[in-house]
Structure formats: C-alpha cells, structure tokens
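Geometric and topological summary
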Amino acid sequence: MKCLQDLTFEEIEELVVSLGQPKFRAGQLYDLQMRHKEYDEATNLPKTLIDGIKADYFATSLKIIERLVGKDGTEKYLYALNDGNVIEGVFMPHRYGNTLCVSTQVGCRMGCAFCASGLGGLIRNLTAGEIIGQVLCVNKLHGGTPKDRAITNVVLMGSGEPLDNYDEVTKFLRLLSAEKGINISLRNVSLSTSGLVPKIKELANSNLPVVLTISLHAATDEKRSALMPVNKAYPIKELIDSAKYYFDKTRRRVIFEYALVEGKNSDKKSADELARLLKGFPCHVNLINLNYVKEKGLRGIKGNYIKEFIDNLNKQGISATLRHSMGNDIDGACGQLRVKYLAEHDNVNRGADED
Ligand code: SAH
Ligand code: SF4
C-alpha cells in the first residue's frame, strides 16, 4: 500500500483528477498530508474522495510509539512505520529554532566500527514520505502547522546513510522545501554522509544546496579504514576532492564530523594529520566525544584531552568546536534507542544479527 505523504502537490492533483474530483480538492488533501492528519481528522473532504483513496493510500507514513523527554528539552522518539519497522529520531530545541534529526534507512549497511545504527545491517530504505513524515509528525506534536513551523532545521543524522538512498532522500529534500508545503529552506538542512564520493558529486550538481556534513573521523586512510569500511572504496583523497567540488558548486562551507575515539584517532599526531589534511579548505570541524556503544566496545576520551585536541587544531588555523551531545540523560548515541527497543520486542523485524 502507498502513502499520501510520498506525493508531491502535483502528484496529489493527478490523483484527485483521476478520481473524477475537482482540482481544488488537491489543496485540501495536501494540507491534510502536511498537517500529518489521519482521514478521520479531515472534516472538509467528501466521503467519496476519502473512500476512493483509502483503499490504496495510508494518510500518514508513521506514528510515534515512544517519546522520551530530557531535562534540557531534547526529545527522542521511536516511530513505527506502516509495515511494523521501527526507526528513531531526536528533537533539539535551540535559541534560534528547533532541530529535528531524521533517519533515512531502517538500519545501515556501512558497518562503521563505532555505530549502533549499523548493528543489524540494512533492513530497507525509507521512502521520501517516511522521511518527511518524521518532520510533519513532530511538527504537529509541538503545535506547529505548515505555515507556523515548530521545526525550523533538519539534520539527516539519524540511522542510515542518506546517500545510499539517494533517490528517496533527494525527493524528500524537494518535498521539504516545496513552497506550498512546510517550506523549510535547504540552507537549514544538513545532510551527513560517511563519504559516498560519486553521490556527493551528484548532490553537488542537483541544485539542492543543503549543508554537507562529512563523517571523517580520521585523517589517514589506515586509521579511517579501520573505523569506516567505506574508506576502502572511497579513500580520503577522493573524499576531500569531492568535498571541494561540493564547496565550489554550492559555496556552502563543508562540515567535517570527527568523533574522538580512545586509542584510535585522538592523540596529538592525529590532530596534526587532520590539520594538515584540511589546511586552506574553508570548512569547519565538529568534534564529538564518542558515545559508548556497548556492542562495539569503543570509548570516547577524557575531558581535558578534548580541549587539547581542539586547541591544537585551532592553533594550526583549523576552525573546530566541540559539539555537545544533547539529551544524555535519556540515552546515548544514534541508533541505540532502536537497538534497545528491538532487544525488548522480539516480534519486530530486526534484520541479520551481527556476527
Ligand atoms: N550515515 C551518516 C549519517 C548518520 S550517522 C553518517 O555516517 O554520516 C550521524 C553521525 O553520528 C555521523 O557523524 C556518525 O559518524 C556519528 N556517530 C555514529 N555513532 C556514533 C557514536 N557512537 N558516537 C558519536 N557519534 C557517532
Ligand atoms: Fe551507517 Fe552512519 Fe552509522 Fe556509519 S555512522 S554505520 S554510515 S549510520
């Protein structure tokens, strides 16, 4: 069964016309979609239209099944998709607006050594409707409407590798920034990737100028390949070249994510390697201390060494700051909430176990 939230305004118009209904009904259906409403909440639509659509289309792509609220206002959600799969998301309030972190796949196949999202491999891609559904659902939860948004910023940093689901993710970006819809500007959207080089170039050429965030985590091929298997296919030189290409095309400063991992990438030599790699490229490094993932056994580093690492980069002319991980009281890293949920609910599709 399909879902209304996967459709653009024009596709909804076609659907309405194919059912013999007047075109203006498309606006009403689109409004239903953007407000994340179920059919029984639609008071202004004729029953004949709803009955014509209901058999083939879900009104919404997902529902929140668990909501955790942290002391700092951060919220974490588990959503159930219509096929019973479960994904997670994070809401972060800021002075300038509210950010929602969205997932793009159920699981992930990139196999990074420190990440809980990839533990069960990739189960399936999300559709564009399931990605925008996360935004529309949380916007509604916080009292927002399409015109008066409770979500102002979106980061594609939940589970999944966005560029491994390129077609649905780019459709999502078009749905998200459509003027008639929730209309979130792409300058307020960050897409984080483990570094699928050909797709970074394709995105640069796509006229969807999001902020590109690259999960770098190490500045030599040896260290990076040990943490991120994707580096064997697309080594650092190619990755940095694609980042430069992205910058040249979009003029958006690229952000590099760097999680500090004890014994792997956090000594002075690693900081020097990173500074050498990025010197002269207009970019920013977001450091984060690794969240401990019990299944992976890797750890972050002690507080005073983080400051040393940053000072060392700054001294060498690299813009770098520590990203505070929010909502620490409600759970740890990306993907952990879902892993915990799956462990407690055996009936949910969990994919292959890690070997
Ligand atoms: N697949 C994409 C986006 C989702 S992961 C990517 O890898 O970029 C979002 C971010 O969380 C990435 O920067 C990833 O490296 C980071 N991450 C994953 N596990 C982590 C952990 N245990 N501690 C800190 N950051 C982590
Ligand atoms: Fe996938 Fe990103 Fe996790 Fe790597 S860090 S396994 S690419 S979600």
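Residues numbered from 1 in each chain as written. Chains lettered and ligands numbered in written order. Predicted model: local features only at pLDDT ≥ 70, side-chain atom pairs only at ≥ 80, totals over all residues. Heavy atoms only, no water.

So, about helix H9 (residues 236-250). An ideal rise of 1.5 Å per residue puts 21 Å on 15 residues; H9 measures up with 21 Å between its terminal C-alpha atoms. Those residues of H9 that fall on the buried side of the exposure criterion are Ile236, Leu239, Ile240, Ser242, Ala243, Tyr246, Phe247 and Thr250. For H9, the arc enclosing every buried residue in end-on projection is 160°, short of the 170-degree limit, so these residues lie on one face. Across from the buried face of H9, at angles greater than 90 degrees, the exposed residues are Lys237 and Asp248. Summarising the contacts, the buried residues of H9 are in contact with helix H6 (197-204), strand S11 (211-215), helix H7 (221-227), helix H8 (230-233), strand S12 (254-260) and helix H10 (268-278). Immediately downstream of H9, the backbone of Arg251 shows phi near 60°, a positive value. (Helix = DSSP H or I, 4+ residues; strand = E, 2+ residues; numbered from the N terminus. Expected span 1.5 Å × (residues − 1). Buried < 20%, exposed > 50% of the residue type's maximum accessible area, 1.4 Å probe, protein only. Arc of directions from axis to C-beta. Contact = heavy atoms within 4.5 Å.)

Reading across the sheet, the 10 strands line up as S3-S4-S5-S6-S9-S10-S11-S12-S13-S14 and stay open at both edges, with mixed pairing between neighbours. Each edge of the open sheet is held by one strand with a lone partner, namely strand S3 (62-69) and strand S14 (320-322). Strand-to-strand twist in this sheet, taken as the mean axis angle between neighbours without regard to direction, amounts to 25°. Contacting strand S9 (153-156) and strand S10 (189-193), helix H5 (residues 166-177) runs over the sheet at an angle of about 180° to S9. Here H9 sits on the sheet and contacts S11 and S12; the angle it forms with S12, its principal contact strand, is near 145°. (Pairing = 2+ DSSP bridges. Axes fitted to C-alpha atoms, helices over the stretch in contact; angles between N-to-C directions.)

Around ligand 1 sit 18 residues in total, of which Gly160, Ser192, Ser215, His217 and Asn291 are the nearest. With respect to ligand 1, the side chain of His217 contributes an N or O atom lying 2.6 Å from an oxygen atom. With respect to ligand 1, the backbone of Asn291 contributes an N or O atom lying 3.0 Å from a nitrogen atom. Look at ligand 1: alone it shows 530 Å² of surface, and the protein chains cover 94% of it. The residue inventory of the shell around ligand 1, partitioned by class, reads 8 nonpolar, 8 polar and 2 charged. (Near = heavy atom within 4 Å. Polar contact = N/O pair within 3.5 Å; in protein donor to acceptor, adjacent residues only side chain to side chain. Areas by Shrake-Rupley, 256 points an atom, 1.4 Å probe, with all protein chains shown as cover. Nonpolar A, V, L, I, M, F, W, Y, C, P; charged D, E, K, R; others polar.)

Here the focus is the packing of helix H1 (residues 9-18) against helix H2 (residues 25-34). Look at H1 against H2: their axes get within 9 Å of each other, and the N-to-C directions meet at 125°. Taken together, the axes of H1 and H2 are oblique relative to one another. Crossing geometry of H1 relative to H2 is assigned as right-handed. From H1, Phe9, Ile12, Glu13 and Val16 reach across to H2, where they touch Arg25, Ala26, Gly27, Leu29, Tyr30 and Gln33. Classifying every residue of the contact of H1 with H2 by side-chain character gives 6 nonpolar, 2 polar and 2 charged. (Parallel < 35°, antiparallel > 145°, perpendicular 65-115°, else oblique. Left-handed = near helix turned anticlockwise from the far one by under 90°.)

Right, let's get into unusual backbone geometry. With the exception of glycine, most residues fall at negative phi, and the peptide bonds are largely trans. Even without a glycine there, the phi angle at His36 is positive, about 55°. Even without being glycine, Asn207 reaches a positive phi, approximately 60°.

Let us look at the domain arrangement of the protein. Partitioning the protein into structural domains gives domain 1 (2-58) and domain 2 (62-354). Placing the centre of domain 1 and that of domain 2 at their C-alpha centroids yields a distance of 33 Å. Across the boundary between the two partners, domain 1 contributes 16 residues, which contact 21 residues of domain 2. With both chains or domains summed, domain 1 and domain 2 bury close to 1,400 Å², and 57% of this area falls on carbon and sulfur atoms. Ranking the residues of domain 1 by area buried against domain 2 places Asp6, Met34 and His36 at the top, with a combined share of 44%. At the surface where domain 1 touches domain 2, the tally comes to 3 salt bridges. Inspection of the domain 1/domain 2 interface yields 9 residue pairs in polar contact (both at pLDDT 80 or more). Of all the secondary structure elements, the ones that give two or more residues to the side of domain 1 that touches domain 2 are H1 and H2. (Domains from an automatic or database assignment. Buried area = accessible area lost by both parts, 1.4 Å probe. Salt bridge = Lys/Arg side-chain N within 4 Å of Asp/Glu carboxyl O.)

A word on the confidence of the model for the protein. For the protein, mean pLDDT is 91; residues scoring 70 or higher make up 91% of the total. Below a pLDDT of 50 lies the segment residues 346-355, which in the model reaches 18 contacts outside its immediate sequence neighbourhood of four places, other chains included. (pLDDT = per-residue confidence, 0-100.)

Further remarks concern the pattern of salt bridges. A complete count under the given rule lists 16 salt bridges for this structure. Between Arg251 and Asp248 there is a salt bridge, and its shortest N-O distance comes to 3.7 Å. You'll find Arg251 and Asp248 in the same group, each marked exposed. A salt bridge links Lys307 to Asp311, with the shortest nitrogen-to-oxygen separation between them at 2.9 Å. Separated by 4 residues within a single helix, Lys307 and Asp311 lie in helix H11 (residues 303-315), roughly one turn from each other. Through salt bridges with shared partners, a single ionic network connects Asp83, Arg124 and Glu130.

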